[in-house]
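For reference, the chains in residue letters:
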Amino acid sequence: MSESTFTLDRCKIIELPKITEPRGNLTFVEGNNHIPFDIKRVYYLYDVPGGAERGGHAHKALHQLIIAMSGSFDVLLDDGYTQRRFHLNRSYNGLYVCPMIWRELDNFSSGSVCMVLASNIYEESDYYREYGSFIQATRGEK
Ligand code: TYD
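Scope of this entry: the structure provided in the associated data block. Computed from a predicted structure; not experimentally measured.

A closer look at the side chain of Q64
Along the chain, Q64 falls in strand 6 (residues 64–70). Judged by relative accessible area, which is 1%, Q64 ranks as buried. A distance of 3.0 Å separates the side chain of Q64 from the side chain of Y43, its partner in a polar contact. A distance of 2.3 Å separates the side chain of Q64 from the side chain of R103, its partner in a polar contact.

Printed below as a string of structure tokens:
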């Protein structure tokens with residue numbers, strides 16, 4: 001698949017299964033079933049100070065699902081041509097982010113927890129950390 005096929009219209013909120021009981025709710029995620037990739041890594045952001053921004057990068061090949069496990073925050077996605085802002089505040093919703101999407105996370109509520117399911121282990125070489133390099137890559141000018 002060429003990089004240009006990874007555009008913003010592939011990124012979407014996925015509603016995950018939710019088992020509602022008087023004892024409480026339960027949500028689960030199965031790789032390659034509820035989300036279009038195998039899960040190789042889980043990481044989470046917590047104790048994010050008010051006003052802080054996270055993200056500010058894109059990935060070359062990584063697929064991710066971003067979930068607000070608690071509280072809320074915003075995710076700005078940008079494929080180099082179009083931008084879209086999502087507000088995440090439900091632990092049964094995940095935002096699927098395909099490769100080659102610049103993302104910025106902000107507006108974290110107090111006590112919020114952002115969990116990310118990722119298709120691969122951490123590799124710094126998979127990042128574009130400069131917006132200019134990311135834009136160049138989307139124009140085929142690696
Ligand atoms: P980064 O991806 O820049 O965080 P964010 O997108 O949330 O702002 O990562 C922050 C630091 O943590 C950076 O030094 C790399 C390190 N890190 C790991 O070692 N392993 C991981 O799985 C992740 C996501 C980050």
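Still more to cover.
Some points on the pairing of strand 10 (residues 102–106)
Of all the five residues making up strand 10, four are buried; the element is thus mostly covered by neighbouring parts of the structure. Pairing geometry for strand 5 (residues 54–59) and strand 10, over three bridges, is antiparallel. What sits directly across from R54, in strand 10, is L105. Direction of pairing for strand 7 (residues 73–78) relative to strand 10: antiparallel, over a ladder of five bridges. Directly across from V75, in strand 10, lies its bridge partner L105.

Focus: a nonpolar patch on the surface
On the surface, I39, V42, Y44 and Y46 cluster together into a nonpolar patch covering about 400 Å² of accessible area. By the element assignment, I39 lies in the loop between strand 3 (24–27) and strand 4 (41–45). The partly exposed category is assigned to I39, whose relative accessible area is 32%.

Concerning the site of the ligand
Every residue lining the ligand is accounted for by R41, Y43, L45, R54, G55, H57, Y122, Y127 and R129. Within the side chain of H57, a nitrogen or oxygen atom sits 2.6 Å from an oxygen atom of the ligand. One of the side-chain N or O atoms of R129 is found 2.9 Å from an oxygen atom in the ligand. For the ligand, whose unbound accessible area comes to 520 Å², protein coverage reaches 62%. Of all the secondary structure elements, the ones that give two or more residues to the shell around the ligand are strand 4 and strand 5. Class assignment for the residues of the shell around the ligand results in four nonpolar, two polar and three charged.

Structural notes on the nonpolar core
Most often, soluble globular proteins have nonpolar side chains that are buried together. Counting 36 residues, the largest nonpolar core has L65, I66, F73, V75, L77, L95 and C114 as its most contacted members. Listed by contribution, the elements that provide at least two residues to this core are strand 6, strand 7, strand 8 (83–88), strand 9 (93–97), strand 10, strand 11 (113–118) and helix 1 (131–138). Aside from chain neighbours lying at most four places away, what touches I66 is F73, V75, L88, N93, G94, L95, V97, C114, M115 and V116.

Examining the sheet that holds strand 10
Across a sheet, strands are paired by hydrogen bonds formed along the backbone, either parallel or antiparallel in direction. Taken in spatial order, the five strands make up an open sheet running 8-7-10-5-12, and their pairing is antiparallel. Looking at which strands have only one partner, the edges of the open sheet turn out to be strand 8 and strand 12 (127–128). Sheet topology places strand 5 next to strand 12; two bridges connect them, and they run antiparallel. Bridging across to strand 12, A58 finds its partner in Y128.

Regarding the environment of G55
With respect to the secondary-structure elements, G55 resides in strand 5. Its relative accessible area of 35% is what places G55 among the partly exposed residues. Discounting residues that sit within four places of it in the chain, G55 has contacts with R103 and L105.

The rules behind the values
Residues numbered from 1 in each chain as written. Predicted model: local features only at pLDDT ≥ 70, side-chain atom pairs only at ≥ 80, totals over all residues. Heavy atoms only, no water. Helix = DSSP H or I, 4+ residues; strand = E, 2+ residues; numbered from the N terminus. Buried < 20%, exposed > 50% of the residue type's maximum accessible area, 1.4 Å probe, protein only. Polar contact = N/O pair within 3.5 Å; in protein donor to acceptor, adjacent residues only side chain to side chain. Pairing = 2+ DSSP bridges. Patch = residues over 30% accessible without salt bridge, like charges linked within 9 Å, V, L, I, M, F, W, Y side chains within 5 Å. Areas by Shrake-Rupley, 256 points an atom, 1.4 Å probe, with all protein chains shown as cover. Salt bridge = Lys/Arg side-chain N within 4 Å of Asp/Glu carboxyl O. Near = heavy atom within 4 Å. Nonpolar A, V, L, I, M, F, W, Y, C, P; charged D, E, K, R; others polar. Core = buried A, V, L, I, M, F, W, Y, C linked by side-chain atoms within 4.5 Å. Contact = heavy atoms within 4.5 Å.

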